[in-house]
Amino acid sequence: MRRERPWARGGERVEGAAARRCRGIRSPDGGAEGLLAGRGRRGRGRRCDGFAVVLAVALLAAVVLLLVALTALPRSELRATAQRGAAVQARQHALVGLRVAIGRLQAAAGPDACSTATAQHLGAGNPYWTGVWTDAGPPVWLVSGHPGAADSAVVTTGAAATGAELVGDNTTGVSGGVAAFFEDIMGDNLPGLAGEQTVGRFAYWTGDEGVKGNVGVVDRVGEVPVPTWPAADDPVTSDGERARLRQLVAHRSGNDAMNEAPPTGGFQLQAEDDPASAVRWAQFGAALTMNQLSFQTLGTSLERDRYRAFVHAHFHDFTVHSLGVLANAANGGLRRNFSDLAAPEVPAAVKDLERYRPVAGRLPLAGGTAGPGEPTAQIKPIVTEWALDFVPYREEGGDRLLVGCRLRLELWNPFNLPLAQTPAGVIDYRVRCCGRRSTGGVNDSGLALVRVSGPGGLVGEFDLRALLGPEREIGVDATGDLGPGQVVVVETIVDQGWATGLVVADPTPTDPSDDELEIESVVDAARELRLELWAAAGGAKPLTVLAGFPSGEFGRASSGGWAVPGNRPFAGSGAMARLGVSHHFRLQPARTGWGDWVDPAAPLAPAPDLRSSRIDYAAALWPSIGADPAASARAVDGLFASGELFVAGSGFAAYDFTVQRALSIAALDQLSMAGERPFGVGSPWGGARNAVFDAAFFNPVPGSWQSGERFANVRHRVLQAAGGPSPSAAELGGLHAARFLGVEGMYNVNSASPQAWTVLLGRTVLGWTDSAGVAADLENPFFGFAQSAPFAPEAARGVRRFSDAAIQRLATELAGRSAGRARPFRSVAEFVSSGVVQEAIDAAGLNTSPAYCDDLGRVPPARYSANYLTQRAVLGPLAPLLAVRSDTFTIRVYAEALNPALLAGDAERVAARAWCEAVVQRRPEFVDGSEGAEVWPPVVAVNRALGRRFRLVAFRWLGPEDL
């Protein structure tokens, strides 16, 4: 059956117009519509064919793109993997560089006996390179590339770069930085490459944190415990003694002394009791990195920007994590704790100082226990002048020759508190005049042999030894206490009627022209007079021994015409007795002022020590007055010229005394040595005595101390060995306590940074109370008498206060003198003995410029008076912090991963870069911890070679924006 098409007549099916157009259907009537439709059928058919082609091409392109994408994806993954691998490799190279840096630091600075400093000392082109000096050879520079000098030029850009920049503008905020040389990392057995190839390189720089001022040290004195039931060994037994700790040790940093005018601005800190500043001080104490300080908030945005710029600009001047080990950089080994009074290694004089205490504001006499040749420490008056006068006269109504004797003592209280004496009428001291004669017997007194002449000529000789034997003691009564710095003359009549055994006859009693009595000493260089001053209460040792005075040399000569007024030995005659026997000695009469004794600029000729056991006196004489022997023996008026060194009532105090246990080695300035100048410890002329700064420290710890409590020396903190037990109170207060201790903010005196010195020198003491009970805040104080200042009268208190400008001036002078040295100081003793601190004080004008004497009413103090700033006063609170080496270092490393298949200079050769920073800390324990840290010299070979272990205490990865 024939099938009709859908468009056939009679079987027509209605379809959409679109379908008809596509199929070319003509209208049934065949009219114009059909013709038009026919033409349209042919054109539209061609357009539909083009759409299909476009669609096909699009699909084909999509397939091609998919294929390309599928092909590129592995390549991207491979490239990303390679880049990640290169980045990992660059970081591994950075860690290799860090290990190398730590290893070389360990080898160079691990041993105790070395100094560290930056190349600023040499004015070098790389001023912030760190060097390590020993007593032999040139310095070792702690940078990569083993440079022989700090002037080596490092190229950091271009194909010819020899090194990398490690400290740049993003760190310091200013142009110029620190760069170091590359060191290659080699590899072999690389695929496709024969032999050893350079696969990477690194550069490192080790920065010295100890030459920076630690601005993270805040006041922790309030954390020192005051025991409810204090024991005898407690260093702090009251709130008042705790407050005094701020005088004994620099208890915090002098960040507020850095305040400057805009645009730099400084830290812009007020006192700690200012609420806003108290918050910022707490942030200083909690900061782990200098970057954290940048986020402190100030008033305006401009102030914040200036403050942050200031912090960044002083990257090389400030730190928050310097910590020192109590090691002897001069001779090696750890320093010894002189607070251990039971240890036989602690000198007797140090123990004496620790035991002396004032009683009710008065100083009791206390004799030292040191043996011969050892330093001594005593509380006693100083004998500055003395005489033993012999006055001859004839017995009234007879011809026997009698002799009167008197002892004259000039006593000086060098302390700034009264020296306790007994009531009037009670003997205070006992004096023995004795001596020796090289050809005489054991009982030779050392007194002179006297020759007597009368009207008839030579009468004979008598020996003063028979009158004042070596065993005879002369009682001395000092009427009332010796006031602070007071000088008094005490006279004692020993005897008025000694019989000499000689008879002086007058063969011509009616002729007064020959009435003359003359005595003179017989010169005998073999005789040496000796004076011993003892406390009346007894004691095993004398307070003072003055020996070595030749009798003849110091006797008066008869030709001098010295006569005793009123002493007429012949009845009815006007003639007086002429004599030449007065043993008289005084301290260095050529020295007319105290400054001649303690001035570091004065010639360092041998001079007696005011507190020594042996003093050589000069031969000057004083006039004797009086109408008769008895009166002459009592007279004191007119004995001293106004220009002499020690003048009665002068009120000059020179020595501090111990109120509570010592914390600073500078407190040992009271120790004296026979025949040496005073104030040896801490003074430029201290010589061998200044070695104690390198050898010892103070850390008194009571038996009641509990783990975690703050020490009286607030700069000390416990460094517990890894895995070891916590040290006990006995160990921390013992001779070898240094094996457990670190010093927060320990300062390397080889610093050439004025800003770092300012942070060290400046500080404020809040609420300080004087002897009158008046409280005041002391800005940048120095205490001439750190222990006793609150108790002493104002004239003898010795407290100086300075403006921030004055402290900055002093810091600049000290930094300049440090930087001007060809080599850094190799010991703290060398630093102290050099006198640079006193030179800086003088150059800064702190004693002479009215602008820096506001605390004294703009009137410069008398030279070397209590208010005259000396090196000893500056070193007092700083001595516990001083060193000549650093123990904390910051290491920065730059590293590259290189494509060994590409040539040097190819832009693609560097596959990846990495930067890191680490802080390493030297510890008291040795590299081989099986050997005790207190052992010296070490027995284990590795400890002899590498010294004490450095440990990594902080690490972070950096980016180029951190440089």
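Residues numbered from 1 in each chain as written. Predicted model: local features only at pLDDT ≥ 70, side-chain atom pairs only at ≥ 80, totals over all residues. Heavy atoms only, no water.

Focus on the pairing of strand E12 (residues 382-394)
Look at any regular strand and the pattern is simple: side chains alternate between the two faces of the sheet. With 13 of its 13 residues buried, E12 lies for the most part within the structure. Inspection of the sheet shows E12 paired to strand E13 (residues 400-412) by 12 bridges, in the antiparallel sense. Bridge pairing links tryptophan 386 to leucine 409 in E13. (Buried < 20%, exposed > 50% of the residue type's maximum accessible area, 1.4 Å probe, protein only. Helix = DSSP H or I, 4+ residues; strand = E, 2+ residues; numbered from the N terminus. Pairing = 2+ DSSP bridges.)

Description of the nonpolar core
One finds Leu668, Trp757, Leu761, Phe831 and Leu846 to be the most contacted residues of the largest nonpolar core, which totals 73 residues. Per-element tally for this core: the top contributor is helix H14 (residues 804-819), with six residues. Of all hydrophobic cores here, the second largest spans 56 residues; its members include Leu407, Ile474, Leu517 and Leu531. (Core = buried A, V, L, I, M, F, W, Y, C linked by side-chain atoms within 4.5 Å.)

Points about helix H4 (residues 239-248)
For H4, the tally of buried residues reaches seven of 10 residues, placing the bulk of the element in the interior. When we look at burial in H4, the residues that qualify are Glu241, Arg242, Arg244, Leu245, Arg246, Gln247 and Leu248. Among the structural elements, strand E28 (764-769), strand E30 (781-783) and helix H17 (871-878) are those in contact with the buried residues of H4. (Contact = heavy atoms within 4.5 Å.)

Some words on the packing of aromatic side chains
Enumeration over the complete set of coordinates arrives at 20 aromatic pairs. Considering the side-chain rings of phenylalanine 267 and phenylalanine 310, the 5.1 Å spacing of their centres and the 85 degrees angle between planes classify their relative orientation as edge-to-face. Taken together, the positions of phenylalanine 267 in the loop between H4 and helix H5 (275-286) and phenylalanine 310 in helix H7 (residues 301-313) put the pair 43 residues apart, joining distant regions of the chain. Taking the relative accessible area as the measure of exposure, phenylalanine 267 reaches 0% and is therefore buried. The exposure class assigned to phenylalanine 310 is buried, which follows from its relative accessible area of 4%. For the pair tryptophan 705 and phenylalanine 711, a centre-to-centre distance of 5.3 Å together with 15 degrees between the ring planes defines the contact as stacked. Like tryptophan 705, the residue phenylalanine 711 is buried in the burial classification. Ring pairing ties together the aromatic residues Phe267, Trp281, Phe284, Phe310 and Phe318, which thus form one cluster. (Phe/Tyr/Trp six-rings, centres within 6.5 Å; stacked < 30°, edge-to-face > 60°.)

A word on the packing of helix H16 (residues 836-844) against H17
The contact between H16 and H17 brings their axes to 9 Å, and the two run at 120 degrees. Looking at the two axes, H16 sits oblique to H17. Considering only the axes of H16 and H17, their crossing is right-handed. Residues Val836, Val837, Gln838 and Ile841 of H16 lie in contact with H17, whose contacting residues are Gln871, Val874 and Leu875. The residue inventory of the contact of H16 with H17, partitioned by class, reads five nonpolar, two polar and no charged. (Axes fitted to C-alpha atoms, helices over the stretch in contact; angles between N-to-C directions. Parallel < 35°, antiparallel > 145°, perpendicular 65-115°, else oblique. Left-handed = near helix turned anticlockwise from the far one by under 90°. Nonpolar A, V, L, I, M, F, W, Y, C, P; charged D, E, K, R; others polar.)

Side note on the environment of leucine 875
Counting through the fold element by element, leucine 875 comes out in helix H17. Taking relative accessible area as the criterion, leucine 875 reaches 3% and is therefore assigned buried. Residues leucine 875 and valine 249, 626 residues apart in the sequence, show an inter-C-alpha distance of 9.7 Å. Beyond its immediate stretch of four places on either side in the chain, leucine 875 contacts Ser664, Ala666, Gly682, Phe831, Val832, Val837 and Leu882.

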